[in-house]
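# Chain and residue survey
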Amino acid sequence: MGTTDEKKWMTEEDGIIKVRSCAWSAPGDHPTGCGVIMSVKDGKIIKVEGDPEHPISQGRLCPRCLAFDEVQYHPDRLLHPMKRDPKDRGTDKWERITWDEAYDLIETEVRRVWEQHGPECCFVITGTGRETTLWANVYATNVLGSPNRTGVISGASCYGPRCTMANYHLGAGYPELDYAAFFPDRYDDPRYEVPKYIVIWGKDPIYSNSDGLFGHAVVDLMQRGSKLIVIDPRLTWLAAHAEYHLQLRPGTDAALGMGLANVIIQEDLYDHEFVDEWCYGFKAFAECVSEWTPERVEEVTWVPADVLREAARAFATNGPSSAMWGLAFDMQENGVQAGHLFLGIVAICGYLDVPGGLTLAAPASFMGKWRYDAVVSLPPETRDKLIKPLDGRYSVYTTGGAMPGALGDTMIDWLEMENPPFPLKLGWIVGSNLLACSAAQPERWLKNLQQVEFFIANEIFMTPTVMALADLVLPVSTWAEHIGIVMPHFGRNTHFLGAMNQAVDPGDTKSDFQIMLDMGKRLRPDIWPWEDEEAFLDEQLHTEYDWDFKDLQQDVVRQQPFEYYKFRTGKLRADKDPGFDTPTGLVELKSSIYPMFGEEALPFFKEPYYSPYSDRISDEVKAEYPLVLTTGGRNILYFHSEHRNVPSLRSLHPDPLVTIHPETAAKHGISDGDWVAIENPEGRCVQRASLSYEADPRIIHCEHGWWFPEQTSEAPNLYGPFKANPNNLIPHEIIGSTGYGANYKSVIAKIYKVDGLDS
C-alpha cells in the first residue's frame, strides 16, 4: 500500500484507491461530518465504509452513507444543466444546455430584473442540511445583490430560534452536550468527566444526528454510566432506556420547564455560587416559576407530578450533568419561552462550560461569521429593502437574531399583497424541496411562487419543487465529487473541521459553492477575488489558523483547541472581561433584550392555538378534532425529503406512517397497515397506519418529507408531494411574537380509514 502523490488521505492497493473524507452534501445531511473511506476503481466508487480513524464517528455510519453509491450512480440523477420555457412549468419539456448557456441565461435574467425593478426583487429560497446552508445568504447578497433570502418554514422553526436564544441569554453559540468531542483521546482525556445524567429534550439524536451532534455519542456515554432523562411525547429507544421518561403533551414544553425550575428552586437544589456570581435576574425568575407546582404542571402537560419532581431532583443533585434541546423547541409558538427555561435550568444547576456539562463557544466564528457579514456588501438603501412586516411586528427576527433574511410567513404575505412595496421577480432555490418538506400550507406557497417570472434551482435530482417552479435547473455534484469543509454546528460550537476530499470526477456537475463563485464573478466581480474554492477556504482558514486547506486534507480532521470555565477567564466576551457576552455580562435569567422588542423579559406558558384546551378555537372545533397531532417524524433511512428514490433504503420503509395507539385505532376501525386520512380545519393528508403503544392514546404522530419519485412527474401530480404531507394541517403565521416558532408539532386532528394514498 502507498500514498498517491504524497496525499496522505489517498492510498492505493491492488488497483483500488481508498479516499478518506468527511461526508456532508449533496445529498444533504446535518454537518455531523462522519468519517468515510471511499474505495474507487477505474474512476468509480465501488464501496463506502466508516473511517475508524475519525475521532467522532470512529468507523460508524448510517444507512444513507452506506447506500451512497446508489445516489452517486442513480439513473435519474441530474447530470447536465437544463432549461424550459416558463410557460411549460410543471411539464417535462426540459432542454439540455451547456454551463456557459446556463450562466448566460442567469446573467441576462438577473440584469434584466436589476434594471427594470431593482436587485431587491431577486430572492433566494434555501433549506437545511446541504453544504449550501453556509452559502444561501451569500447567494442573495453577494451574487444577486439582494437582502432577501428565506427558509420558507413558518416561524423560522429550525435551529435558528435556539441559536438566537443562546445568543441573547448566554451571549454564546449553540450549547451542546459535552461528549468530549474536542479531545483527541475523547472520554479518556483527564480534563473530561462523564455526565451523571443527560436530559434529552425534544430530540431523538440517534435517528436525527441533528445540528452537528453525532447522536450515537449518547450510547457511548450510557455505556460509561450516564443515565437519561428523556422528555418526549413518544416512547423512543432512548426513552425506553431512560431513568425518567417525561411523556408530555406536545407543545407544553414551557409549562414543563416552569415545573422543573420550580422544584429545583423551591427545594433549594440550585448552584448558589454560580447563580450569585454569574446570573442576572434570579429573584424575578424564581418568582415567575413559583406558581408552577408539579401538580399544576401535570394538569397541563399530562406528566405525573411525582415523575417530574423526581427527575428535577436527580438532574440538579447529580453534577456534572448535561442536557440537549431539539427541534421541538423551535417548532412551537411558545418555543422561545421553553428555550428560555431550558437555558435557565442548566444555568442555575451550574452545568454551563464545565466538564461533563454543556460546551459553549462564540456565537459565530470562522466561515459562519463570514456568511452573515456578507450583507455589508450591499449599500444601506438596499439592505433596508429586506422584506419584513409593514406594521413592524417580529422585530426580534427582523433586526438580526441568528437567521438573517426574510421570515417565510412574511414572504408569503408579501407575495399575496395586491400592491407590495416592490414585486418579487426572480428566485433561486438552493438546497430546498419546500413543497414536500418545509412549507406550511405548501399548495398556498406553490400558487404564490408561480407568479415569480424566473426561477433557478440547484439540485441533485428532479424534485416536486423543481418540476413545479424551475425554469433552469443546475446539476449539483455530490460530496464525493468536490472539496469542502465540514463544520459541525455551522461555526456556532465547532469541535472539529473536516475535509471533504474529492474522490471521483464530477462530470458535468458543479458544487453549490462553485456555482456561487462562478456567478459571483460574473455579476459582482469586485467582491469575488478568489480563483477557486481552495483559495477561498485558505483565506477563511487563515483568519483563525496558520495552516490551510491542503493541511486539513492531509489530516482529514483537525479538532479545535478547547478549555472549560471560559466565563471565568474572559474568553467568552469580546472585551475579554470575565462573564458572558450579554448586555449584563451574566447569564440572563431575566432578559434585558426582549422588552426592547415588546416581548416579556421572563418566560411564560401559552397554550397551542390548535389544542384540546385552547381558548382561541371553538368547542365545536375541539370536539370534531379530538386528537393531538405531532409531526416531523424521522427515519434513519432518509434525510428530510431525500433518499425516497434510493432502492435499498425505500425497500426497508416504503410508505409514510402515522403512529396510532391500538386503543385509538380500534375506536376508528383502523388496523395496522390501513391507509388513514388525517384531517383538521387547515387541511388533510393520508398515511399508512402503524399501531404502537409508543404514545398516549390521545396523540398521533406523522412522518414528514414524503413524495413519490415513482409517480407521474408532471402537474398537477408533481410526484405527489401534497398527498402524505402533514404540513397541509399546519396553519400559516401562527407564530411567536418574536417571529420565531410555529406549531408544526402540536395541532389537533381527526382520523378515518380510507382506501389508499389517493383517497
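Rules used in this analysis
Residues numbered from 1 in each chain as written. Predicted model: local features only at pLDDT ≥ 70, side-chain atom pairs only at ≥ 80, totals over all residues. Heavy atoms only, no water. Helix = DSSP H or I, 4+ residues; strand = E, 2+ residues; numbered from the N terminus. Buried < 20%, exposed > 50% of the residue type's maximum accessible area, 1.4 Å probe, protein only. Contact = heavy atoms within 4.5 Å. Areas by Shrake-Rupley, 256 points an atom, 1.4 Å probe, with all protein chains shown as cover. Lys, Arg positive; Asp, Glu negative; His and termini not counted. Charge placed at Lys NZ, Arg CZ, Asp CG, Glu CD. Patch = residues over 30% accessible without salt bridge, like charges linked within 9 Å, V, L, I, M, F, W, Y side chains within 5 Å. Salt bridge = Lys/Arg side-chain N within 4 Å of Asp/Glu carboxyl O. 1 Å grid on protein atoms, 1.4 Å probe; cavity = no way out; pocket = protein on both sides within 12 Å on 5 of 7 lines; lining within 4 Å. Points joined across faces, edges and corners; volume = space filled by probe spheres on them. Nonpolar A, V, L, I, M, F, W, Y, C, P; charged D, E, K, R; others polar. Pairing = 2+ DSSP bridges.

### Details of the overall build of the protein
A tally of regular secondary structure across the protein gives 28 helices and 29 strands. Principal-axis analysis of the C-alpha atoms places the extent of the protein at approximately 70 × 60 × 55 Å. Per-residue burial over the protein gives 66% buried out of 759 residues. Long-range contacts, defined as pairs at least 24 residues apart, comprise 74% of the intrachain contacts of the protein with a sequence gap of at least 6. For the protein, the exposed surface amounts to about 26,100 Å²; the carbon and sulfur share of it is 48%. Charged side chains of the protein number 69 positive and 109 negative; the gap between the two group centres comes to 1 Å.

### Regarding a negative patch on the surface
Side chains of E298, E299, D306 and E310 sit close together on the surface and give a patch of like negative charge. Secondary structure elements with two or more residues in the negative patch: α12 (294–301) and α13 (305–316). Note on placement: E298 falls in helix α12. On the basis of relative accessibility, which here comes to 34%, the residue E298 falls in the partly exposed class.

### Describing the environment of V486
If you trace the backbone, V486 turns up in strand β20 (residues 484–486). By relative accessible area, V486 is classed as buried at 0%. In this structure the C-alpha to C-alpha distance between V486 and T236, which are 250 residues apart in sequence, comes to 29 Å. Not counting residues within four places of it along the chain, the set of residues in contact with V486 comprises C22, A23, W24, P31, T32, G33, F496, L497, G498 and M500.

### Considerations on the layout of surface pockets
In this structure, the largest pocket occupies an estimated 840 Å³ of space. Taken together, 44 residues line the largest pocket, and the ones lying closest to its centre are R234, G632, G633, R634 and H701. When contributions to the lining of the largest pocket are tallied by element, the ones reaching two or more residues are α6 (205–208), α14 (327–330), β24 (627–633), β25 (657–660) and β28 (699–703). The element that contributes the greatest number of residues to the lining of the largest pocket is β24, accounting for four residues. Among the residues making up the lining of the largest pocket, the classes are represented as 14 nonpolar, 18 polar and 12 charged.

### Focus: the pairing of strand β4 (residues 35–41)
Burial runs high along β4: six of the seven residues are buried. With six bridges joining them, strand β3 (residues 16–22) and β4 adopt antiparallel strand pairing. Directly across from V19, in β4, lies its bridge partner M38. As defined by bridge partners, β4 adjoins strand β5 (residues 44–50) across six bridges and the pair is classed as antiparallel. For M38, the partnering residue across the bridge sits in β5 and is V48. The hairpin formed by β4 and β5 contains two residues between the paired strands, and D42 there has a positive phi angle of roughly 55°.

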